[in-house]
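These are the residues of each chain, in order.
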Amino acid sequence: MSSGKLDGKVAIVTGAASGIGRAVAVLFAKEGAAVLLADLNDCNETLSLIQAAGGTAQAVKVDTTSEDACRAMVASAVKAFGRVDTGVFAAGIRLDPIPMLELKMDTFRRMIDINMIGVLHSAQALARQLVQQGEGGTIVNIASTAGKIPIPGSGPYCMAKAGVIMMTKVMALELAETGVRVNALAPGFTSTPMWDFEKGTEEDKWAMSLTPMNRTGTAEEQAQACLFLASSDSSYTTGQTLYSAGGQFVD
Ligand SMILES: NC(=O)c1ccc[n+]([C@@H]2O[C@H](COP(=O)([O-])OP(=O)(O)OC[C@H]3O[C@@H](n4cnc5c(N)ncnc54)[C@H](O)[C@@H]3O)[C@@H](O)[C@H]2O)c1
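Starting from 1, residues in each chain are numbered consecutively following that chain's sequence as written. In keeping with the predicted nature of the model, local features appear solely for residues at pLDDT of at least 70, side-chain atom pairs appear and are counted solely at 80 or more, and the whole-chain, interface and lining totals rest on all residues. Side-chain numbers here rest on the full set of heavy atoms in the structure, without hydrogens or water.

Colleague: Please set out the packing of helix α1 (residues 19–30) against helix α7 (residues 219–230) residue by residue, giving values where relevant.
Modeller: Taken N-terminus to C-terminus, the directions of α1 and α7 make an angle of 55°; their axes are 8 Å apart at the nearest point. With respect to each other, α1 and α7 are oriented oblique. Crossing of α1 against α7: the hand is right-handed. Facing Gly19, Ile20, Ala23, Val24, Leu27 and Phe28 of α1, the residues of α7 in contact are Ala219, Glu220, Gln222, Ala223, Gln224, Cys226, Leu227 and Ala230. Among the residues forming the contact of α1 with α7, the class breakdown is ten nonpolar, three polar and one charged. In this analysis an axis means a line fitted to C-alpha atoms, helices contributing only their contacting stretch, and an angle means the value between N-to-C directions, from 0 to 180 degrees. Numbered from the N terminus, helices here are DSSP runs of H or I no shorter than four residues, and strands are runs of E no shorter than two. Roughly parallel means an angle under 35 degrees; roughly antiparallel, over 145; roughly perpendicular, 65 to 115; everything else is oblique. Left-handed describes a crossing in which the near helix is turned anticlockwise from the far one by less than a right angle; the clockwise case is right-handed. Only heavy atoms enter the contact rule, under which two residues are in contact if any of them lie within 4.5 Å. Asp, Glu, Lys and Arg are counted as charged, while Ala, Val, Leu, Ile, Met, Phe, Trp, Tyr, Cys and Pro are counted as nonpolar; the rest, among them Gly, fall into the polar class.

Structure (structure tokens):
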């Protein structure tokens, strides 16, 4: 029998109904993990994909902007599968471009609430459980290249993602001695419902002008990068941000 990189492990994936989160959930299940699928939307399609491949998963509806809901999400994983070992926090949104001078605070707060505080709630709830279990574990926060590079018109998104990157670094250092590793994945332009521009549109031309490999990434490629950060393949890596972005912004 072939062995998986996550055999016997339990994973929580937020944003699991779509895009990168779905691809992560499907890959982690294929690699042997029991997966708790968490999303605002229903995860039936992801659940079916996993079950059809013989994997183990359960789905819960979670709004990651609620601290209580994120605590309950971790409790659900423990109840369903007895423990938890890893979490990939991919729930997020993208907004239409808005210049800083026209930005309304409601819009800004919504972005920060979902794309930054939602990740914090998830990572905090999981880290508490991992520390309590006392056997280490891994956390993978989904950031973006936009957390490093300022993009005019995307101020709120850039600020939220920069927050995720810094949150990852601070949590990693605070938890290093416990064996809980915290890393971030920063995808570049990736073909998902969030970034579904046809080849040749203005947005696509702009994105490709920033991407030396001259193509968007796939959700499956991002899932493989998450697998590296979540599994023991990266056992000596913590506090890092992995840019999986087709050569974007190499420095
Ligand atoms: N697609 C890209 O080009 C790209 C690039 C860089 C970073 N990212 C990041 O990757 C992550 C996943 O994005 P994607 O491209 O797969 O998008 P997607 O829209 O396909 O998936 C996002 C999922 O998050 C869920 N979600 C949104 N708000 C939520 C909330 N409050 N609680 C629970 N679930 C919520 C949505 O229902 C959806 O299923 C996001 O954090 C995004 O910012 C995407």
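There's plenty left to go through after this.
Colleague: Account for the sheet that holds strand β6 (residues 180–187), naming residues and giving values.
Modeller: By way of backbone hydrogen bonds, the strands of a sheet pair with one another, either parallel or antiparallel. Strands are labelled as partners when DSSP assigns at least two bridges between them. One open sheet holds the seven strands; their spatial order is β3-β2-β1-β4-β5-β6-β9, and the pairing between them is parallel. Strands at the two margins of the open sheet, each flanked by one partner only, are β3 (56–61) and β9 (241–244). Averaged over all pairs of adjacent strands, the angle between their axes in this sheet comes to 15°, without regard to strand direction. Sheet topology places strand β2 (residues 34–39) next to β3; six bridges connect them, and they run parallel. Residue pairing in the sheet places Asp39 in a bridge with Lys61 of β3.

Colleague: Describe the site of the ligand, with residues and values.
Modeller: Nearness of a residue to a molecule or strand requires only that one of the residue's heavy atoms be within 4 Å of it. What surrounds the ligand is a group of 28 residues, the closest being Ser18, Ile20, Asp39, Tyr157 and Thr192. Whenever a nitrogen or oxygen atom comes within 3.5 Å of another N or O atom, the pair is scored as a polar contact, on the condition that within protein one atom can donate a hydrogen and the other can accept it, and that pairs from neighbouring residues in sequence are kept only if both atoms are in side chains. Within the side chain of Asp63, an N or O atom sits 3.1 Å from a nitrogen atom of the ligand. Sorting the residues of the shell around the ligand by element identifies α1 and α5 (155–175) as the ones contributing at least two each. Along the lines of polarity and charge, the residues of the shell around the ligand split into 15 nonpolar, ten polar and three charged.

Colleague: Explain the pattern of salt bridges to me, using residue names and the numbers behind them.
Modeller: Any carboxyl oxygen of Asp or Glu that lies within 4 Å of a side-chain nitrogen of Lys or Arg is treated as forming a salt bridge with it. Across all of its chains, the model carries nine salt bridges by this definition. Put simply, Asp233 and Lys5 hold a salt bridge, and the shortest N to O gap is 2.6 Å. Taken together, the residues Asp233 in the loop between α7 and β9 and Lys5 in the segment before β1 (10–14) connect sequence positions 228 residues apart. Connected through salt bridges with shared partners, the residues Glu67, Asp68 and Arg71 form a single ionic network.

Colleague: Can you explain the packing of α1 against helix α2 (residues 44–52)? Please cite residues and give values.
Modeller: Close contact between α1 and α2 brings their axes to 9 Å; oriented N to C, the two are set at 20°. Taken together, the axis directions place α1 and α2 in an arrangement best described as roughly parallel. In the crossing of α1 with α2, the sense of the turn from one axis to the other is right-handed. Taking contact as the criterion, the partners of Arg22, Ala25, Val26 and Ala29 in α1 are, on α2, Glu45, Thr46, Leu49 and Ile50. Grouping the amino acids of the contact of α1 with α2 by side-chain chemistry returns five nonpolar, one polar and two charged.

Colleague: Before we move on, could you go through unusual backbone geometry and cite the residues and values that matter?
Modeller: Phi at Asn214 takes a positive value of approximately 55°, unusual for a residue other than glycine. Structurally, Asn214 is set in the loop between α6 (202–209) and β8 (217–218). Phi angles above zero are rare outside glycine, and Phe249 is one such case at about 55°. According to the relative accessible area criterion, Phe249 is partly exposed, its value standing at 28%. Each residue gets one of three labels from its accessible area relative to the maximum for its type: buried under 20%, exposed over 50%, partly exposed in between, using a 1.4 Å probe on protein chains only.

Colleague: I'd like a rundown of the layout of surface pockets, residues and numbers included.
Modeller: Of the pockets and cavities examined, the second largest pocket occupies roughly 220 Å³. Put simply, the grid is 1 Å and covers the protein atoms alone, a cavity is a trapped set of points that fit a 1.4 Å probe, a pocket is an open set with protein on both sides within 12 Å along at least five of seven lines, and lining residues have an atom within 4 Å of a point. Lining the second largest pocket are 16 residues, with Lys9, Asp85, Gly137, Thr138 and Ala230 positioned closest to its centre. Of the residues contributing to the lining of the second largest pocket, the split by class is two nonpolar, eight polar and six charged. Grid points are joined across faces, edges and corners, and a volume is the space filled by probe spheres set on the points.

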